[in-house]
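Remarks on the overall topology
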Amino acid sequence: MATTIDAAFTGDIVSQSALRGFNDTLLPLEVFATDYGGELTQGNTTVNVPVYDANSGADTYAGSYITGAGGSVSNIPVVVDVHKKKTASFTDTQFANTFPSAIKSEEFGYQMGAGLAANVLADILSLVTAANFGAAAYTDVVANFDSDDVVDIKTVCDAANMTKVMRGLVLNDSYYNALLKDTSIKDASSYGSSDGIVAGFIPNVAGFKTWQTGGVPANAENLVGFACIKSAIAVAMRYLQPQRPESYDAANELSDPETGIVLGWRDHFDPNTGTRYMNLECNYGKAVGQAAGLKRIVSA
């Protein structure tokens, strides 16, 4: 006799896998200043996300511990006003055929979370424009992009006095893969790790923690990536509490203990149509931080 999975338990598997897929896809947001957690209960909520001045220096002590205060840390107000969701619906027959095992439930949930995250990431990265961050640090076609160019981008960041710690390099798929072809990276004896040639993963290059994403929008400016520190963009996420959570079969907050990313999950059944609805939702806001904290990379 075939093993069946309780419908409620299936929802738990899907929701937790969706959180994992969302988190994995949204990892490039680690390069920005973030504030996750808490609830969004009354309309739009403004969250003050603290950022450290990209170019702040130090003062010489002159008999007072209050002079020069307020110049290094500032709050970026972020309005949590974007509500995106991913909805899946299943008739009784579709549900039985879609989730015959826990593995299938995990696969579906992961894809659901990754799909929502890709949409959220593209929206947040739409802030990376010339109007917000100025002239590009690098301009060339993908065929010419290699680790030497990353060093050139580093030089631009250095010249702008961008702090050298916690720098991030986010590239679209093509430019990231161009780096993977670089012999200084794919050669394990040269790079010092087999991550590039074995896993297709580049942890660090020239002082940058490196990320690959398909979420970099071309935005009519030929954008292919950027180098930045956390002060460049501020992102806030909040959980939207349903007015009547008891009306759902399940309505709860999903949060990742490591990143703090928070999502909402709503699961309910419509007996009139025999259809089950699963909703994964993200409530967030984004704002430009300090223009000096990001350098754009474009293809032309």
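For the structure given in this document, a descriptive report is provided here. (Residues numbered from 1 in each chain as written. Predicted model: local features only at pLDDT ≥ 70, side-chain atom pairs only at ≥ 80, totals over all residues. Heavy atoms only, no water.)

Some thoughts on the overall build of the protein
Counted only if it meets this: Secondary structure counts use DSSP, requiring at least four H or I residues in a row for a helix and at least two E residues in a row for a strand, with both numbered from the N terminus. For every residue, the accessible area (1.4 Å probe, protein chains only) is compared with the maximum for its type, and the residue is labelled buried under 20%, exposed over 50%, or partly exposed between those bounds. Contacts are assigned to residue pairs that have any heavy atoms within 4.5 Å of one another.
Of regular secondary structure, the protein possesses 9 helices and 14 strands. By the burial criterion, 42% of the 300 residues in the protein qualify as buried. For the protein, the share of sequence-separated contacts (at least 6 apart) that also reach a separation of at least 24 residues comes to 79%.

Comments concerning the pattern of salt bridges
Worth spelling out the cut-off: The salt bridge criterion pairs a side-chain nitrogen of Lys or Arg with a carboxyl oxygen of Asp or Glu, the two atoms within 4 Å.
Tallied over the entire structure, the rule returns 10 salt bridges. We note a salt bridge from Arg276 to Asp267, for which the minimum N-O separation is 2.5 Å. A relative accessible area of 10% means that Arg276 is categorised as buried. Asp267 gets classed as buried once you look at its relative accessible area, which sits at 3%.

Describing the nonpolar core
This is how it is decided: What we call a nonpolar core is a set of buried Ala, Val, Leu, Ile, Met, Phe, Trp, Tyr and Cys residues that are connected through their side-chain atoms within 4.5 Å.
Membership of the largest hydrophobic core comes to 45 residues, with the highest contact counts inside it found for Phe22, Leu26, Phe32, Phe226, Ile233 and Met237. Among the secondary structure elements, those contributing two or more residues to this core are helix H1 (7-25), strand S4 (82-91), helix H3 (102-125), strand S9 (223-228), strand S10 (233-240), strand S12 (262-270) and strand S13 (275-288). Ranked by the residues each element gives to this core, the list is headed by H3, at 7 residues. Excluding residues that lie within four positions of it along the chain, Phe226 makes contacts with Val31, Phe32, Leu125, Val128, Gly168, Leu169, Val170, Leu294, Lys295, Arg296 and Ile297. Counting 21 residues, the second-largest nonpolar core is a separate cluster that includes Phe145, Leu171, Ala178 and Ile229.

Quick notes on helix H5 (residues 147-159)
Put simply, the test is: To estimate how far a helix should extend, the number of its residues minus one is multiplied by 1.5 Å. Directions are taken from the helix axis to each C-beta atom, and the arc is the one they span.
In this model H5 runs 19 Å from its N-terminal to its C-terminal C-alpha over 13 residues, within 8% of the 18 Å that 1.5 Å per residue would give. Residues Ser147, Asp149, Val150, Ile153 and Cys157 constitute the buried set of H5. Buried residues in H5, looked at end-on, bunch into an arc of 150°, giving them a common side. Along H5, the residues that are exposed and aim more than 90 degrees away from the buried face are Asp148 and Ala159. One or two steps after H5, the chain reaches Asn161, where phi turns positive at roughly 60°.

Quick look at the pairing of strand S14 (residues 294-298)
For the record, the criterion: Pairing between two strands is assigned when DSSP locates at least 2 bridges connecting them.
Most of S14 sits out of view: 5 of its 5 residues are buried. The pairing of S9 with S14 spans 5 bridges and is classified as antiparallel. From the neighbouring strand, Phe226 faces S14, where its bridge partner is Arg296.

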